[in-house]
Amino acid sequence: MSQLELKSGVTHAEQAHEVHEKPNYLNHDHSVMSWLYTLDHKRIGILYLVSITAMFILGGIMAALVRVELSTPKGDFLTADTYNKSFTAHGVIMLFFFLIPSIPAVMGNFALPLMIGARDVAFPRLNLLSYYLYALGAGIGMVALLYGGVDTGWTFYTPYSSTYSNSYVTVMAVGLFCIGFSSILTGLNFVVTVHRMRCPGLTWFRLPLFIWAIYATSVVQLLGTPVIAITLALLGVERTLGVGIFDPRLGGDPVLFQHMFWFYSHPAVYIMILPSLGLISEVIATFSRKNVFGYKIIALSSVTIAVFGFIVWAHHMFTTGISPYAAMVFSFLTFSVAIPSGIKVFTWLATMYKGAISFETPMIYGIAFIGLFTIGGVTGLYLSTLGMDIHLHDTYFVVAHFHYIMVGGAILGFMAGLHFWWPKITGRMYSDFWGKLGAGIIFIGFNFTFFPQFILGYLGMPRRYHEYPEELQLLNVMSSAGATILAIGYTLPLIYLTHSFFWGEKAGKNPWGATTLDWTATDSPPSPHNFDQIPVVTEEPYHFERKEAGVVSH
Amino acid sequence: MNNEFRFFPEQASTLAPEVDALTLFVVATTVGVTLLVFFLLLLFAVLFRRRSDDHYPKPIHGNVPLEIIWCVIPTVICVVMFVWGVKVYSNIVVAPVDSMDIYVVGRQWMWKIQHPSGQREINALHVPVGRPVKLTITSEDVIHSFFVPAFRVKQDAVPGRYTSMWFQATKPGVYQIYCAEYCGTEHSRMIGKVTVMEEGDFQKWLSEGAENGQALQGRKLFTKLQCITCHSGNAQAKAPNLEGIYRKHIPISHQSGVKTPEGTKIFADDSYLRESILYPNAKVAAGWESIMPTYQGLATEEELLQVIAYIRSLQQGQTPPRLETTPTPASIQEKSSQKGEK
Ligand SMILES: [Cu+2]
Ligand SMILES: [Cu+2]
């Protein structure tokens, strides 16, 4: 693929037990400072990985508290306030501290420069600053939680959040404000990197689809995040100074907050899901050894989804009393974003068609992803259909729907990516058996947890309920039982991946036989500067052909 | 309470079967599509598994007819869902003109309900079967949402404005009311029951214990809050005559402090009356000085509803004389009784 001469000593490193290896980005400097001050995109990716894993565990504990409470109809495990704080913490942590930075900042940082043949991102210092802003924001968020928590729900609806709540809303808003800037800077960095740093020959339509997805995501981060920053700032101003913006008693408009909040937070869904969509295209292609069907359509559909994502926000507000005509327009626009997402599913199937599919862990996650994302997508149609949304809005149906998108979609995509790039990140393989077992347990646990919630929602159980009528207990118990299985599923990767990091088999440069530059032109783990020589690209990605192991054609 | 397992909540309004029919259509199509995807996924996984290590399949670059098919079919399905959804939605939002009015005020954490005849209830709503009922909803504090699953309707209670929702119950019984919008500590206890009664029973219920009509209480407030001193309805009045203004087009001269073009008119609905009382300067009636004080904080949402009910009922020549003595205002009783409840 690229004109790269490789010394055979490197290619066969996996056979040579502990000979003098070329220094890689992990071992060329072991000092703590070399990690904390690193400008290397790969190391920054690892810093994010460690941080978001910690956040994920914390968010998971919060979810566990919620599910334990809901296994009985009475509020007998937590007090109402503690319960409210738990689901708020779960939502805030999982969305802002985990999902939004997960694929873009971890996988994006690690893989983007490798995949486009660059030595680093465009602004390495800015990249480090992004990380520290994230860490600062998450730190402030933790202070808010430790001092007593926030009880507004992750949506911070006014005037509850601005004048009525007695919890640490302002502190949390400051934390999220910092995280917002981190997200903006990362987006900016990636946009410039994709525009300016592609290696020779890598034209736009030769970019791997993951890059297209990250690019579209970065544009959303860049354009959308300032709006949430302003919204949170206004919320803080009303809360601390009593200036009337959202509270009608002060002359404000509570629904204005929802418009501003969702103007960001709907696109934010795409910040979480688009990178997964791109990543799954990589995984499906690689493990099917087939070029991605309809490459250009998929590439452009990422951008289309990103743009359309900005004009559907009021579908969260059909019951607020907005004009019925506005409701119809937003319903219509929402249906139009659904179609490109549906097409993506069909193209993955078409990619597998007449392929040579192998079933290593990343592919198992990929297949599970397609299934769950399909369910998440079609249940979105229930909510875009106006006549149904009035009944379903703010019930468990919505909770189930977005967990299918965000866990079934974004997190499974993240897991697929993590298992896909793990050999590149660490230079070591993990146990495929445990990997598949973990994926299977997660899949089963996930469906057990969230499928019953669709029914609960149609039966009318509102979300954010600490207590509920007795006849809904059976479904809630199923959901809590599923969550237990899910928790086991999530613990497995923590164990076998840690094991692999220290004791795993050496991976070799390209264990999956992938075709993108991150696999064909770098070592596992890559050297501190990624490439010995900047590669040159001469053809489209996903050109799978018979070749000598590890030797690059052209 | 019946404990049988069900997928659909009870259908107890004219809207419920409409919504459920739409749901069944959406369920059928989406389950169909999903099963197709699952089936192909498994089929391909089996058929096209890698046979040997050097099994390299031929690339496929596209297939225009196939791509057209998978764009067109989902689009058609989506259009049908959209149109059908709009149809059901318009039945949900447009209340029949002959609906019976009931007023709902949400507050942390209870639903307070007023009937025009003066009946009041808390976390309970009594309605007759077979008659359309329109709820006008607002909130005293944060956003709540009035939700009756058996009727398939839901409407947010937004502070500072009136929203509305309607339903026509189809069978007598007791149905759950939930607050669907998160509103703080006891959100999940902000629940209640709708009791649907036969017309005769409902009339009996209405007549029991109804002390004063809503408008009558409003009339007392009209004097107590000094509205009468300006809106005296006679030649010396310092303010416009409010007789018969409800649902008329009123000429205004200023809006939010800015002069409006000659001949601008505004439709005097409930929201306009509410705004005129709370923010008199938002829209100034043409030909009058804007001397009216704001009543923000001086009247509760419930009292506002009563005053508005009174203005609605006020006909030509009915403005009371200025010096009417008022009995103990209803509001004071109301306030002390609330303290007891909390
Ligand atoms: Cu949305
Ligand atoms: Cu509530």
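Our subject in this report is the structure included herewith. Note that the structure is predicted; figures quoted are calculated from it, not measured.

What follows concerns the overall build of chain A. Looking only at helices and strands, chain A features 17 helices and 0 strands. Computed over its C-alpha atoms, the radius of gyration of chain A comes to 23 Å, within 12% of the 24 Å expected for a compact globule of 554 residues. Each of the three principal axes of chain A carries a C-alpha extent, and together these read 75 × 45 × 45 Å. Counting across all 554 residues of chain A, residues that qualify as buried make up 66%.

We now examine the coordination of the copper ion (ligand 1). All names here are of chain A. Within the first shell, the copper ion (ligand 1) binds the protein through H266 (ND1), H315 (NE2) and H316 (NE2), at distances of 1.7 to 2.1 Å. In primary sequence terms, the donor set of the copper ion (ligand 1) follows H-x48-H-H. Per residue, the accessibility class of H315 equals that of H316, and both read buried.

This part covers the sheet that holds strand 4 (residues 124-128) of chain B. All names here are of chain B. Read across the sheet, 5 strands follow the order 4-10-9-6-7 without closing on themselves; strand pairing throughout is mixed. Every other strand in the sheet has two partners, leaving strand 4 and strand 7 (153-157) as the edge strands with one partner each. Averaged over all pairs of adjacent strands, the angle between their axes in this sheet comes to 25 degrees, without regard to strand direction. With respect to the sheet, helix 3 (residues 199-207) is in contact with strand 4 and strand 10 (192-197), its orientation differing from that of strand 4 by roughly 130 degrees.

The subject of this paragraph is the packing of aromatic side chains. Taken as a whole and assessed by the stated rule, the structure comprises 59 aromatic pairs over all chains. Taken together, a centroid distance of 6.2 Å and an interplanar angle of 40 degrees make the contact between F147 of chain B and Y178 of chain B tilted. Residue F147 of chain B is located in strand 6 (residues 144-148), and its partner Y178 of chain B is located in strand 9 (residues 173-179); the two are separated by 31 residues in the primary sequence. Neither F147 of chain B nor Y178 of chain B differs from the other in exposure class; each is buried. For the cation-ring pair, K296 of chain A lies above F205 of chain A, with the distance from its terminal atom to the ring centre recorded as 4.7 Å. The lysine or arginine in question, R312 of chain B, covers the ring of Y246 of chain B, its NZ or CZ lying 5.6 Å from the ring centre.

This brings us to helix 3 (residues 41-69) of chain A. Residues spaced three or four apart along an α-helix point in a common direction, a consequence of the helix completing one turn every 3.6 residues. Counted at 1.5 Å a residue, the expected span for helix 3 of chain A with its 29 residues is 42 Å, and the 42 Å between its end C-alpha atoms agrees. The backbone nitrogen of K42 of chain A has a side-chain oxygen 2.8 Å away, supplied by the residue at the start of helix 3 of chain A, namely D40 of chain A.

Here we come to the coordination of the copper ion (ligand 2). Residues and elements named next belong to chain B. Listed as protein donors to the copper ion (ligand 2) are C179 (SG), E181 (O), C183 (SG) and H187 (ND1); their distances from the metal cover 2.1 to 2.6 Å. Around the copper ion (ligand 2) sit 4 donor atoms; with metal-centred angles ranging over 87 to 128 degrees, the donor geometry is tetrahedral. Each donor residue of the copper ion (ligand 2) lies on the same chain, and together they follow the pattern C-x1-E-x1-C-x3-H. Assigned by exposure class, C179 and E181 land together as buried.

Attention now moves to the pairing of strand 5 (residues 132-139) of chain B. All names here are of chain B. The buried fraction of strand 5 amounts to 7 of the 8 residues, a majority that puts the element mostly inside the structure. Sheet analysis places strand 1 (residues 100-107) next to strand 5, joined by 7 bridges and oriented parallel. Looking at strand 5, one finds that D101 is bridged to K134. Across 6 bridges, the pairing between strand 5 and strand 8 (residues 163-168) is antiparallel. Counted as the bridge partner of K134 is W166 from strand 8.

Another point: the environment of S13 of chain B. Residues and elements named next belong to chain B. Residue position: S13 is located in the segment before helix 1 (15-47). Once the C-alpha coordinates of S13 and C71 are considered, the two residues, 58 residues apart in sequence, prove to be 38 Å apart. In this view, S13 contacts A150, F151, Q168, A169 and T170; residues no more than four positions away in its chain are not counted. Looking at S13, its side chain comes within polar contact range of the main-chain oxygen of F151, at 3.0 Å.

All names here are of chain A. The contact between helix 9 (residues 254-288) and helix 12 (residues 361-384) brings their axes to 9 Å, and the two run at 130 degrees. Relative to helix 12, helix 9 is oriented oblique. Considering only the axes of helix 9 and helix 12, their crossing is left-handed. The residues of helix 12 that touch helix 9, namely those facing I273, S276, L277, I280, V283, I284, F287 and S288, are P362, M363, G366, F369, I370 and F373. Its residues assigned to classes, the contact of helix 9 with helix 12 shows 11 nonpolar, 3 polar and no charged.

How each quantity is defined
- Residues numbered from 1 in each chain as written.
- Chains lettered and ligands numbered in written order.
- Predicted model: local features only at pLDDT ≥ 70, side-chain atom pairs only at ≥ 80, totals over all residues.
- Heavy atoms only, no water.
- Helix = DSSP H or I, 4+ residues; strand = E, 2+ residues; numbered from the N terminus.
- Rg over C-alpha atoms; globule rule 2.2 N^0.38 Å.
- Buried < 20%, exposed > 50% of the residue type's maximum accessible area, 1.4 Å probe, protein only.
- Donors = N, O, S within 2.8 Å, 3.2 Å for Na, K, Ca; no water.
- Pairing = 2+ DSSP bridges.
- Axes fitted to C-alpha atoms, helices over the stretch in contact; angles between N-to-C directions.
- Contact = heavy atoms within 4.5 Å.
- Phe/Tyr/Trp six-rings, centres within 6.5 Å; stacked < 30°, edge-to-face > 60°.
- Lys NZ or Arg CZ within 6 Å of the ring centre and 35° of its normal.
- Expected span 1.5 Å × (residues − 1).
- Polar contact = N/O pair within 3.5 Å; in protein donor to acceptor, adjacent residues only side chain to side chain.
- Tetrahedral: all angles 85-135°; square planar, octahedral: opposite > 155°, others 65-115°.
- Parallel < 35°, antiparallel > 145°, perpendicular 65-115°, else oblique.
- Left-handed = near helix turned anticlockwise from the far one by under 90°.
- Nonpolar A, V, L, I, M, F, W, Y, C, P; charged D, E, K, R; others polar.

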